[in-house]
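# Structural features, examined
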Amino acid sequence: VQLQASGGGLVQAGDSLRLSCSASVRTYNNYVMGWFRQAPGKEREFVACMRRNGGSTDHDDSVKGRFTISRDNAKNTVYLQMNSLKPEDTAVYFCAASRSIWGMRRADTAYIYWGQGTLVTVSS
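Criteria and thresholds
Residues numbered from 1 in each chain as written. Predicted model: local features only at pLDDT ≥ 70, side-chain atom pairs only at ≥ 80, totals over all residues. Heavy atoms only, no water. Helix = DSSP H or I, 4+ residues; strand = E, 2+ residues; numbered from the N terminus. Rg over C-alpha atoms; globule rule 2.2 N^0.38 Å. Contact = heavy atoms within 4.5 Å. Areas by Shrake-Rupley, 256 points an atom, 1.4 Å probe, with all protein chains shown as cover. Lys, Arg positive; Asp, Glu negative; His and termini not counted. Charge placed at Lys NZ, Arg CZ, Asp CG, Glu CD. Core = buried A, V, L, I, M, F, W, Y, C linked by side-chain atoms within 4.5 Å. Buried < 20%, exposed > 50% of the residue type's maximum accessible area, 1.4 Å probe, protein only. Disulfide = S-S within 2.5 Å. Phe/Tyr/Trp six-rings, centres within 6.5 Å; stacked < 30°, edge-to-face > 60°. Lys NZ or Arg CZ within 6 Å of the ring centre and 35° of its normal.

Helices and strands together make up the secondary structure of the protein, namely zero helices and 11 strands. Secondary structure elements in the protein, listed N-terminal to C-terminal, are β-β-β-β-β-β-β-β-β-β-β. Computed over the C-alpha atoms, the radius of gyration of the protein is 13 Å, within 12% of the 14 Å expected from 2.2 N^0.38 for a compact globule of 124 residues. Overall, the protein is about 40 × 25 × 25 Å in size when its C-alpha atoms are taken along their principal axes. By sequence separation, contacts in the protein at least 24 residues apart represent 59% of the contacts at least 6 residues apart. Within the structure as shown, the protein displays about 6200 Å² of accessible surface, and the carbon and sulfur contribution to it stands at 45%. If the 15 positive side-chain charges of the protein are averaged to one point and the 10 negative ones to another, these points end up 8 Å apart.

Set out below in C-alpha cells:
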C-alpha cells in the first residue's frame, strides 16, 4: 500500500486546513487509517484514526473538537479536517495504515505503511 499525503501549508492561527491521504489500493479499507504528526525536535505523536469500516474514530485530546478524521472508501482517501488551528499544531503530518487490532490504534509501531508527510505551519 502506498500512501500520498497532501494539503499542508502555511496558515494563520484560527484558520482551517484539510489534509488528504490517498491510498494506492482499493483494499485500503481493510486497514485502520491514522494521522500522526511530528513537530521539530519532538517525538511523533498520534493525532487521530478511524476504524476499517469507517464507524469508530479516535482523536487525541489535544485536537478533539477541532480536528475530524473521515474517509471516503470510494476514493481510497482519508481526510483530516483541521479547524481552529493553533501555532502548537505546527508539524509534519503523516498518514498511516495499520492492520493491527483497534486497541493498538494509538501506537505508531502498529502502523506498517506510511505516507511521506505534509508540513503544516501555523503562524500566530
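Ranked by internal contacts, the top residues of the largest apolar core, which has 27 residues, are W35, V47, F67, L80, M82 and Y93. In this structure Y93 touches L19, W35, F36, R37, V47, F67, L80, M82, G117, T118 and V120, once residues within four positions along its chain are discounted. In this structure, V32, C49, A96 and A110 belong to the second largest nonpolar core, which totals eight residues.

Our next topic: the state of the cysteines. Going through the model one piece at a time under the given rule, you end up with one disulfide. At a sulfur-sulfur separation of 2.1 Å, the disulfide partner of C21 is C95. Handedness here is read from the sign of the S-S torsion; for C21 and C95, about 65°, the answer is right-handed. Pair noted here: C21 is in strand β3 (residues 17-23) and C95 is in strand β9 (residues 91-98), with a separation of 74 residues, a long-range link. For the residue pair C21 and C95, the accessibility class agrees, reading buried in each case. For the unlinked cysteine C49, the closest cysteine sulfur is that of C95, found at 13 Å. The buried category is assigned to C49, whose relative accessible area is 0%.

Take the packing of aromatic side chains next. Per the counting criterion, the structure on display carries six aromatic pairs. Pairing Y31 with Y113 gives two aromatic rings, centres 5.8 Å apart and planes at 75°, and the pair type is edge-to-face. Note that Y31 is positioned in the loop between β3 and β4 (32-38) and Y113 in strand β10 (residues 111-114), a separation of 82 residues in sequence. On the basis of an interplanar angle of 75° and a centroid distance of 5.8 Å, the ring pair of F36 and F46 is categorised as edge-to-face. Residue F36 is located in strand β4, and its partner F46 is located in strand β5 (residues 45-50); the two are separated by 10 residues in the primary sequence. Under the relative-accessibility criterion, F36 is labelled buried at 1%. F46 gets classed as buried once you look at its relative accessible area, which sits at 8%. Taken together, F36, F46, F94, Y111 and W114 form an aromatic cluster joined through their ring pairs. Stacked on the ring of W114, the Lys or Arg R44 has its end atom at 3.9 Å from the ring centre.

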